[in-house]
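Listed here are the chains, written in short residue letters.
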Amino acid sequence: MKVGVPTEIKPDEYRVALTPAGVRELTEHGHEVLMQAGAGEGSAITDAEYEAQGARVLPDAAAVFGEAEMVLGVKEPQPPEVAMLRPDHLLFTYLHLAPAPALTRGLCESGATCVAYETVEDGRGRLPLLAPMSEVAGKIATQAGAFMLEKPLGGRGVLLGGVPGVAAANVMVIGGGVVGFNAASIAIGMEADVFVFDRNVDRLRELDVAFAGRASTVYSSVLAVEEMLPRVDLVIGAVLVHGARAPYVIKRDQLSMMKRNAVLVDVSIDQGGCFETSRPTTHSDPTYEVDGITHYCVANMPGAVPITSTYALTNATLPYVLALADLGLEGALVRDPGLRPGVNVAGGKVTYAPVAEGTGFEFTPLDQALEGLVASR
Ligand SMILES: NC(=O)c1ccc[n+]([C@@H]2O[C@H](COP(=O)([O-])OP(=O)(O)OC[C@H]3O[C@@H](n4cnc5c(N)ncnc54)[C@H](O)[C@@H]3O)[C@@H](O)[C@H]2O)c1
């Protein structure tokens with residue numbers, strides 16, 4: 001199979017979907033890899049390093065999309081990339097379609113088969129291709145929040161860990177999954193007082209064991225959230241309902257319960273945001289204020305540390321890339337049923353129910369959409 005890797009063009013995105021190690025694995029399996037010139041630059045990987053492992057370097061995205069059968073990405077395709085997708089393309093990247101009806105329409109109209117990293121599941125229903133970036137984003141969330149609490153940046157002017165004789169800051173993490181665990185771990189390391197909220201009691205049990213008394217776990221009822229808000233300096237929003245638009249865990253009228261210049265970090269912004277007042281921001285302009293509360297809502301947080309993130313992401317995606325290249329989509333779906341929920345769009349139809357729900361598009365069961373695809377070939 002011809003596997004193409006274009007340069008990421010989302011603002012402030014420096015990751016790349018394949019490393020030289022991935023090129024080597026694919027070429028050893030008999031596939032051809034087409035890298036866009038400069039695709040690895042943001043992650044400190046040169047074209048020559050890709051070529052040394054057998055990749056062919058093409059001058060621009062049009063050449064990559066033109067020749068490739070499978071296109072690998074990191075972030076969701078931007079409009080000029082959607083315009084280059086064809087019905088015979090297999091696109092494998094993060095998509096986050098539930099809050100994005102315009103992109104969903106574009107992908108359906110392209111006819112391409114689109115597999116989203118973030119909805120691929122493992123044998124236990126976990127999200128193996130979201131997890132590495134959630135680990136990175138969780139750690140960044142606390143770092144960024146601590147920084148934004150500094151007075152010159154518009155924060156309250158408190159140090160997360162306090163000092164002898166002065167109390168530590170209170171950090172509230174809503175959603176104790178992969179992002180939440182990592183955000184809380186860093187906050188504990190910075191010696192803040194940490195409270196992790198979740199609605200899954202089994203998850204709270206696991207966290208309680210993992211934190212060994214160094215953080216409190218709280219069942220996330222509306223009342224419990226409201227009781228905590230007046231005490232917190234930093235809130236990290238990290239909830240997820242697989243593939244669906246994020247639920248609001250803090251509404252606008254609840255901001256008035258918080259201390260002035262407290263900080264909200266909405267990691268769930270890529271699924272539409274879990275605070276009512278959130279809107280996506282970028283690394284170059286990461287924050288804005290609503291009702292005296294700083295909001296940090298960067299939708300591609302791991303993009304800030306591309307050298308870490310590129311390797312963490314590709315370690316996880318490579319086995320799936322190899323399966324898709326070796327077996328084709330249908331063969332890979334048979335070998336690993338966890339790839340099935342990854343297929344969000346096929347044959348012009350939305351094939352993943354939470355995306356259909358979030359966007360208002362009609363849902364078509366995957367097998368039906370794939371039958372249509374085969375028939376049209
Ligand atoms: N902004 C970024 O750059 C970036 C990077 C990586 C991940 N993310 C996003 O971060 C979010 C969290 O990802 P994750 O991997 O930690 O997911 P996860 O599935 O591991 O964890 C989500 C947790 O939220 C909990 N939850 C769901 N609804 C809740 C509610 N109403 N109240 C409290 N808890 C609730 C779940 O029980 C679960 O424990 C996702 O939206 C993901 O896409 C964003």
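What comes next is a walk through the structure. What you see is a predicted model; the values in this text were computed from it and never measured.

What counts and what doesn't
- Residues numbered from 1 in each chain as written.
- Predicted model: local features only at pLDDT ≥ 70, side-chain atom pairs only at ≥ 80, totals over all residues.
- Heavy atoms only, no water.
- Salt bridge = Lys/Arg side-chain N within 4 Å of Asp/Glu carboxyl O.
- Helix = DSSP H or I, 4+ residues; strand = E, 2+ residues; numbered from the N terminus.
- Buried < 20%, exposed > 50% of the residue type's maximum accessible area, 1.4 Å probe, protein only.
- Pairing = 2+ DSSP bridges.
- Right-handed = clockwise from strand over helix to strand, strands pointing away.

Digging into the pattern of salt bridges
Here the structure, examined in full by the defined rule, presents 15 salt bridges. One salt bridge in this structure joins R156 and D233, with 2.5 Å as the shortest N-O distance. Of the two residues, R156 is situated in the loop between α6 (131–148) and β7 (170–174) and D233 in the loop between α9 (222–228) and β10 (234–237); the sequence distance between them amounts to 77 residues. Across the salt bridge formed by D291 and R252, the nearest N and O atoms sit 2.9 Å from each other. With D291 in the loop between β12 (287–290) and β13 (293–296) and R252 in the loop between β10 and β11 (263–266), the pair connects residues that are 39 residues apart, well separated along the chain. By relative accessible area, which is 44% here, D291 ends up partly exposed. Judged by its relative accessible area of 42%, R252 is partly exposed. Connected through salt bridges with shared partners, the residues K2, E32, R56 and E67 form a single ionic network.

Describing the pairing of β7
Burial of β7 is extensive: 5 of the 5 residues sit out of reach of the surface. Neither face of β7 is open: one carries N170, M172 and I174, the other V171 and V173, and all of them are buried. The pairing of β7 with strand β8 (residues 193–198) spans 5 bridges and is parallel. By the bridge assignment, V171 is partnered in β8 with V194. Since β7 and β8 lie parallel, the crossover through helix α7 (residues 178–189) that links them has a hand, and here it is right-handed. Pairing geometry for β7 and β10, over 4 bridges, is parallel. In the strand pairing of β10, I174 is matched with G237.

By themselves these figures say nothing about function.
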